[in-house]
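Tertiary structure, described
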Amino acid sequence: MHSDIPYLTEILVCLAVAGVLAPVAKRLSLSQLLAESEGRLGRKELLVNMIWLSERLLSPIVLLALLTATGASARVYHVDSVNGHDGNDALLPATAWRSLGRLREARLEPGDQVLLAAGSVWREPLTVACSGRGPAPIVVKPAGVGARPRIEARGVSEYAVAILNAEYVEISGLEVTNDGLPSGPRFGVLISQQDTGVARNIAVRDMYIHDVRGTNQRKDNGGIVFRALGGMRATRFHNLTIERNIIWRVDRSGIAGISDQVTLDNWFPSEGVVIRDNYLEDIGGDGIVPRGADGALVEHNVVRYAASRAPGYNVAIWQWSTDNTLIQLNEAAFTRGRWDGQGFDSDFNSRGTTIAYNFSHDNEGGFVLICSPGRTGPENIGNQRSVVRANVSRHDGARIIQLSGGISHARIEGNVIHVGSHQDVTMVAATQWQGWPSDVSFTNNLFAIAGKGRYGHEIGRDGPNYVVASGFPHSPAIQFQGNRFLGRHLDPPEDPRGVWQAEYRAAAADWSIPTFDPAHPDGLGEFLVSHRSWMMAMLARELGQPVRLLAPRRSTWMEARPKP
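Small disclaimer: the values here were computed from a predicted structure and weren't measured.

Here is what the cut-offs are and how they apply
Residues numbered from 1 in each chain as written. Predicted model: local features only at pLDDT ≥ 70, side-chain atom pairs only at ≥ 80, totals over all residues. Heavy atoms only, no water. Salt bridge = Lys/Arg side-chain N within 4 Å of Asp/Glu carboxyl O. Helix = DSSP H or I, 4+ residues; strand = E, 2+ residues; numbered from the N terminus. Buried < 20%, exposed > 50% of the residue type's maximum accessible area, 1.4 Å probe, protein only. Contact = heavy atoms within 4.5 Å. Core = buried A, V, L, I, M, F, W, Y, C linked by side-chain atoms within 4.5 Å. Pairing = 2+ DSSP bridges. Phe/Tyr/Trp six-rings, centres within 6.5 Å; stacked < 30°, edge-to-face > 60°. Lys NZ or Arg CZ within 6 Å of the ring centre and 35° of its normal.

**Quick word on the pattern of salt bridges**
As enumerated under the stated definition, the model contains 26 salt bridges in all. With a closest N to O distance of 2.9 Å, Asp206 and Arg244 form a salt bridge. Here Asp206, found in the loop between strand 11 (198-205) and strand 12 (208-213), pairs with Arg244, found in the loop between strand 14 (236-243) and strand 15 (246-251); they are 38 residues apart in sequence, far enough to count as distant. Given a relative accessible area of 26%, Asp206 falls into the partly exposed group. Ionic pairing is found between Glu413 and Arg411, a salt bridge with its closest N-O pair at 3.6 Å. Residue Glu413 is classed as buried on the basis of its relative accessible area, which comes to 18%. With relative accessibility at 35%, the residue Arg411 sits in the partly exposed group. Taken together, the salt bridges that share partners define one network made up of Arg123, Arg150, Glu152, Arg154 and Glu175.

Below, the structure written as structure tokens:
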């Protein structure tokens with residue numbers, strides 16, 4: 001793993017960039033300082049400054065260390081499935097390698113780039129198992145004009161693209177499929193760390209991942225899966241970015257995290273996980289699910305038609321065994337089924353999840369689920385301190401808000417919920433899962449019902465459907481304060497400061513959310529811009545105030561999970 005160059009060299013770099021970075025140099029590590037310096041000066045000017053100072057202050061040995069740290073000796077390798085030959089040296093487009101297998105034999109070094117020729121098609125996997133360092137990552141990206149380089153794994157490998165036990169790696173701009181027979185797990189992109197410690201600075205961007213035929217019997221396969229396994233050595237990610245990818249027609253999960261270090265006696269969460277600006281459609285099971293993370297950010301993703309094929313419980317966007325996950329500015333729509341089937345979920349063994357400024361609509365199971373069995377030992381602390389704030393739900397079905405099991409200290413506030421004239425739904429359902437919800441507050445929400453809305457607790461099940469009776473006798477600490485109830489509410493809760501209006505018809509409004517056809521991937525950038533703009537305007541209109549997005553945070557040492 002990465003280690004900084006000796007302190008004397010750090011002094012040299014501080015001197016080299018003092019003219020542009022003096023105010024911040026003392027606060028940055030060497031790797032951060034080099035990255036900032038290169039960004040402001042450019043690599044050429046940075047190297048000139050370093051060489052000039054080294055001639056006056058330091059030995060050639062230290063200069064060599066500096067040049068290595070910045071990737072000055074890095075190479076560019078070319079791979080071309082049409083015009084390449086594996087006997088070439090790959091250092092020029094005219095001498096490219098042909099196969100990705102030949103690339104696996106190369107010993108990539110920090111700062112190396114792998115350029116995949118536009119229009120190339122491979123029926124073999126791309127594997128990166130070498131690490132970059134600091135400001136010199138290993139980069140894999142397209143080159144030339146034409147169609148995206150395309151990797152068709154076709155079940156020859158369980159993955160089409162993989163980053164295996166490597167860090168400081170960036171992969172972007174490829175088209176990926178893996179539609180082999182569903183005899184086992186399949187991945188579009190697999191990011192896997194096992195017994196490696198902390199894996200830093202990995203990014204997967206601008207990928208077009210589709211037709212991944214995994215198994216719908218397991219959640220740990222699908223479009224993009226990042227997993228940290230630490231049977232021998234505690235292992236996690238630090239600064240993992242998954243952004244601007246298209247994930248279409250994949251089974252079972254769209255974007256999923258996996259970790260085996262999520263219990264109280266083995267808690268080693270990933271940090272700096274960012275899942276942003278991705279478009280997911282026609283997903284067999286769950287859409288986006290970070291696991292085993294602290295401070296994950298799930299922001300401005302679109303998940304449409306999740307749970308299209310997988311049996312069992314599925315939700316469009318949720319988390320599992322995390323602390324402080326922030327889920328904001330996402331659209332979750334058309335999730336199928338009522339085994340859950342919600343747009344959003346704060347789930348098992350988690351603390352401090354915030355679901356804010358999202359748009360949930362037309363999900364069969366409802367808007368949001370907060371759930372976990374009661375604390376059952378070191379494997380599960382329950383669900384604590386979830387916040388569902390300033391979201392808009394429109395025409396969601398079944399159970400708009402479901403509170404299930406041993407959840408505590410949850411706050412549901414400032415949301416706007418529209419129920420259509422054709423709908424008869426349970427607005428708030430308290431259900432049993434090795435316990436009942438406790439200490440849940442509903443404050444300043446707008447429940448606008450053109451059809452019928454009910455409130456109550458579970459008294460039985462009929463397949464995926466809950467049989468609900470009025471009231472919350474098992475959860476007396478579910479409290480309503482200052483909410484607005486428009487339209488027809490059956491068996492409504494008590495709300496001492498509530499506002500009630502029996503007659504209600506929905507006002508005309510712009511609900512024409514931007515659409516995107518994943519068969520035409522080049523339009524994603526324009527779509528993301530228009531979608532974000534529409535979302536911000538719609539949320540401001542419905543909430544009656546500007547949107548102020550939140551910043552992710554991680555637990556302080558004082559907030560660490562208690563040991564068993």
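Right, picking up where we left off after that structure.
**Details of the side chain of Ser386**
Topologically, Ser386 is positioned in the loop between strand 33 (383-384) and strand 34 (387-389). Contacts of Ser386, omitting those with residues within four sequence positions, involve Ser346, Thr353, Ile370, His409, Ala410 and Arg411.

**Notes on the nonpolar core**
Residues Ile191, Ile401, Leu403, Met427 and Phe442 are the most contacted members of the largest nonpolar core, which totals 84 residues. A total of 4 residues in this core trace back to one element, the largest contributor, which is strand 39 (residues 424-431). The contacts of Leu403, once residues within four sequence positions are left out, are Ile370, Ile412, Val428, Ala429, Ala430, Thr431, Pro437, Val440, Phe442 and Ile478. Tyr357, Leu446, Trp511 and Trp534 belong to the second-largest nonpolar core, a separate cluster that totals 19 residues.

**Details of the pairing of strand 38 (residues 416-419)**
Of the two faces of strand 38, the one carrying Val416 and His418 and the one carrying Ile417 and Val419 are both buried. Taken together, the 4 bridges between strand 38 and strand 41 (residues 446-462) define a ladder with parallel strand orientation. Bridge pairing links His418 to Ala448 in strand 41.

**Looking at the pairing of strand 9 (residues 175-178)**
What you see with strand 9 is no split at all: Glu175 and Thr177 on one side and Val176 and Asn178 on the other are buried throughout. Note: strand 6 (residues 150-152) against strand 9, 3 bridges, orientation parallel. Paired with Arg150 across the two strands is Glu175, which belongs to strand 9. Judged from the 3 bridges that link them, strand 9 and strand 12 form a sheet pairing that is parallel.

**Overview of the packing of aromatic side chains**
Using the criterion set out here, one finds 17 aromatic pairs in the structure. Seen in terms of ring centroids, Tyr279 and Phe527 are 5.6 Å apart; in terms of plane orientation they differ by 90°. Their pairing is edge-to-face. Here the residue Tyr279 occupies a position in strand 20 (residues 279-283), and Phe527 occupies one in helix 7 (residues 524-543), the gap between them amounting to 248 residues. The residues Tyr279 and Phe527 share a single accessibility class, namely buried. Each residue in the set Phe442, Phe447, Tyr455, Phe472, Phe480, Phe485 and Trp500 is aromatic and connected to the rest through ring pairs, giving one cluster. Seen from the ring of Phe268, Arg236 lies directly overhead, with NZ or CZ sitting 4.0 Å from the centre. The ring of Trp511 carries the charged tip of Arg541 above its face, separated from the ring centre by 4.8 Å.

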